[in-house]
Amino acid sequence: MVQKAEKIWFDGKLVPWDEANVHILTHTLHYGCGVFEGIRAYECTDGRSAVYRLPEHMQRLIDSAHILGMKIPYTLDELVKAALDTLVANKMKSAYIRPLVFIGDGVMGVHPGTNPIRVAIATWPWGAYLGDEALVKGISIKTSSFCRHHVNAMMTKAKACGNYVNSVLAKTEAVADGYHEALMLDTQGYVSEASGENIFIVKDRMIKTTPLTSVLPGITRHSIMTLARKLGYEVQEQLFTRDELYVADEAFFSGTAAEITPIREVDRRVIGAGQAGPVTLQLQKEYFRIVKGENPEYASWLQEYRF
């Protein structure tokens, strides 16, 4: 269960958690046309608190809305401040942050007309998305019977609410079959991403990830690619197949919620040594050093706040 906080930022005001309500005829509730973000705030090693790549996340929120033809009635700076204000109001040293942009109630029917664009930002405590143990031992995944959206069927560069029906179906199927997560292929049969994470494979210390064809441009994905290259690894954005994943030395997911989660098994085939490999562990260690404020080279990725 989501742990309640004191306040939610809703249409420009901080309101009590239980009063952040909408009408049952809210357009997005019926038709899925909305966008959202997932952002993390971390308590740093020195006691500070900081949000990881907050402006980049909020810019992607704005871009996602633009792709769907929605005009957010707030600027980038206003959204950044709203997220920080919500954290401060809730006195959270670390948290998951969920901005949501949706079409409110008014006319019904597929075309939303002049229904208002509404914005909310909630924060709550959230540990490792796939479990703390998964960060060390890795997870098992299965190739889903559901493929990722074709780029001309849904807008795959938008973090759109409706896109995630696809994810819910895939994740539910995987969990029902005894796996932690789903691996999704694109409409050509190449590895795309998971239900909510980007994927990387490692072979002979070369790192490969799916190009920005049918996948969401993950901010953690970009962070990992930047970090890996700084550490001296070759990183390629290249289509790859399911069987190339099977014979990888290592594989891992990346995402705001999942952070860096090793993959130990795919379709009942063990990946590498069946546990987090050395490249994955190095990247994971360095990533957590960055988000905990221990690497000054990446200080610009952290937005500090105090209460």
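By convention here, each chain's residues receive numbers from 1 onward along its written sequence. Given that the model is predicted, a residue must reach a pLDDT of at least 70 before its local features are reported, and side-chain atom pairs must reach 80 or more before they are shown or counted; all residues, however, enter totals for whole chains, interfaces and linings. In computing side-chain values, all of the structure's heavy atoms are included and hydrogens and water are not.

**Q** Hey, could you run me through the packing of helix α6 (residues 219-230) against helix α8 (residues 278-291) in this one?
**A** The packing of two helices is summarised by the inter-axis angle and the distance between the axes. Axis lines are fitted through C-alpha atoms, for helices just across the contact stretch, and the angle between N-to-C directions can take any value from 0 to 180 degrees. Under the DSSP-based scheme used, a helix requires at least four consecutive residues in state H or I and a strand at least two consecutive residues in state E, with every element numbered from the N terminus. Axis separation between α6 and α8 bottoms out at 11 Å; the angle between their running directions is 110°. It follows that α6 is roughly perpendicular to α8 by the angle criterion. Considering how the two elements wind past one another, α6 and α8 form a crossing that is right-handed. Of α8, the residues touching α6 (which contributes T220, I224, L227 and A228) are L283, E286, Y287 and I290. Relative orientations are named as follows: roughly parallel for angles under 35 degrees, roughly antiparallel for angles over 145 degrees, roughly perpendicular for angles from 65 to 115 degrees, and oblique for any other angle. Each helix crossing is assigned a hand: it is left-handed if the near helix lies turned anticlockwise from the far helix by less than a right angle, otherwise right-handed if that turn is clockwise. The contact criterion used throughout is that any non-hydrogen atoms of two residues lie within 4.5 Å.

**Q** I would appreciate a short explanation of α8 in the present structure.
**A** Working note: α-helix, 3.6 residues per turn, so residues spaced by three or four point in the same direction. An expected span of 1.5 Å times one less than the residue number is assigned to each helix. The terminal C-alpha atoms of α8, which comprises 14 residues, lie 20 Å apart, in line with the 20 Å expected from a rise of 1.5 Å per residue. Of all the positions in α8, only V279, T280, L283, Q284, E286, Y287, I290 and V291 are classed as buried. Backbone geometry just after α8 places G293 at a positive phi near 75°. Relative accessibility decides the category of a residue: with a 1.4 Å probe and only protein chains considered, values under 20% of the type maximum give buried, values over 50% give exposed, and everything between is partly exposed.

**Q** Just to check I follow, could you spell out unusual backbone geometry for this structure?
**A** Residues other than glycine predominantly adopt negative phi, and peptide bonds predominantly adopt the trans conformation. You will see that E259, though not glycine, has its phi angle at about 55°, which is positive. Looking at the element boundaries, E259 is found in strand β15 (residues 259-266). With a phi angle near 65°, R268 is a residue other than glycine that sits in the positive phi range.

**Q** Where do I start with the domain arrangement of the protein in this structure?
**A** One frequent convention defines the size of an interface as the accessible area lost when the parts assemble. Domains assigned within the protein are domain 1 (7-124) and domain 2 (132-292). Each side of the interface is counted separately: domain 1 has 22 residues, and domain 2 has 21 residues. By definition, the buried area sums, over both parts, the 1.4 Å-probe accessible area that each loses when the two are put together. A buried area of about 1,900 Å², summed over both sides, lies between domain 1 and domain 2, and 62% of it is on carbon and sulfur atoms. When the buried area of domain 1 at its contact with domain 2 is split by residue, Y42, Y52 and R60 rank highest and sum to 32% of it. What makes a salt bridge here is a side-chain nitrogen of Lys or Arg within 4 Å of a carboxyl oxygen of Asp or Glu, nothing more. For the interface between domain 1 and domain 2, the tally reads 1 salt bridge. With its nearest N and O atoms 3.6 Å apart, the salt bridge here joins R40 to E259. Under this definition, polar contacts are N or O atom pairs within 3.5 Å; protein pairs additionally need one hydrogen-donor-capable and one acceptor-capable atom, and for neighbouring residues in sequence, both atoms have to be side-chain atoms. Summed over the shared surface of domain 1 and domain 2, the number is 14 residue pairs in polar contact (both at pLDDT 80 or more). Broken down by secondary-structure element, the contributors of at least two residues to the side of domain 1 that touches domain 2 are β3 (34-36), β4 (39-43), α2 (54-67) and β6 (95-103). Residue contributions to the side of domain 1 that touches domain 2 peak at 5 residues, all from α2. Domain segmentation is taken from an automatic or database assignment of domains.

**Q** Help me out: how do you make sense of the state of the cysteines in this one?
**A** Disulfides are covalent bonds that connect the sulfur atoms of two cysteines. Two cysteine sulfurs form what is called a disulfide whenever their separation falls within 2.5 Å. Tallied over the full model, the rule gives 0 disulfides. In this structure C33 is a free cysteine whose sulfur lies 8.3 Å from that of C161, the closest cysteine sulfur available. For C33, a relative accessible area of 22% corresponds to the partly exposed category.

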